[in-house]
Amino acid sequence: MAYVDGFVLPLPTSKIDEYRAQATLAGQVWREHGALEYREWIADDVKPGEHTSFPQSVKLEDGETVILAWAVYESRSHRDAVMEKVMQDPRLADMMKPGGVPFDGKRMFFGGFENLVDL
């Protein structure tokens, strides 16, 4: 049964190119270590809501946009094995340091999801 890690984060629009380069490298590392799919999306139609929304979820500030990303795995155990390798990969070491990414990591949220419906 497929398993997905999902990520949502605020990105300063002035840093889109820098982020794209980091996300491309990260995606390559995830795929090399076994992720079945790695995708990152930039907000196009995500208006603030009355009670909740993507912009509200990351406390979006002026000059920022929302990024939605995910990685797909065969199963939770497969994800755990891939993530162990990814976290040890030296190509991502600089990104793991404080200030190593061009967004406020404190406002990013993420989690793992089991498949519920697959049509």
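All of these numbers come straight from a predicted model, not from anything done at the bench.

Quick look at the side chain of Asp-5 now. Structurally, the position occupied by Asp-5 is in strand β1 (residues 3-12). Overall, Asp-5 belongs to the buried group, its relative accessible area being 3%. A distance of 3.2 Å separates polar atoms of two side chains, one belonging to Asp-5 and the other to Tyr-73. Here Arg-79 takes part through its side chain, which lies 2.6 Å from a polar atom of the side chain of Asp-5.

Among the secondary structure elements, Arg-107 is positioned in the loop between α4 (93-96) and β4 (109-114). Along the chain, Arg-107 and Val-58 lie 49 residues apart, while their C-alpha atoms are 5.1 Å from each other. Beyond its immediate stretch of four places on either side in the chain, Arg-107 contacts Val-8, Pro-10, Val-58, Lys-59, Leu-60, Glu-61 and Glu-64. Engagement of the side chain of Arg-107 in a polar contact is seen with the backbone oxygen of Val-58, the distance being 3.1 Å.

Inspection of the secondary structure assignment puts Glu-61 in the loop between α2 (54-57) and β3 (64-73). In sequence terms Glu-61 and Ile-16 are 45 residues apart; their C-alpha atoms lie 15 Å from each other.

Here the focus is a nonpolar patch on the surface. The grouping of Leu-116, Val-117 and Leu-119 at the surface amounts to a nonpolar patch, some 460 Å² of accessible area in total. A relative accessible area of 58% places Val-117 in the exposed class.

Each value, and the rule that gives it
Residues numbered from 1 in each chain as written. Predicted model: local features only at pLDDT ≥ 70, side-chain atom pairs only at ≥ 80, totals over all residues. Heavy atoms only, no water. Helix = DSSP H or I, 4+ residues; strand = E, 2+ residues; numbered from the N terminus. Buried < 20%, exposed > 50% of the residue type's maximum accessible area, 1.4 Å probe, protein only. Polar contact = N/O pair within 3.5 Å; in protein donor to acceptor, adjacent residues only side chain to side chain. Contact = heavy atoms within 4.5 Å. Patch = residues over 30% accessible without salt bridge, like charges linked within 9 Å, V, L, I, M, F, W, Y side chains within 5 Å. Areas by Shrake-Rupley, 256 points an atom, 1.4 Å probe, with all protein chains shown as cover. Salt bridge = Lys/Arg side-chain N within 4 Å of Asp/Glu carboxyl O.

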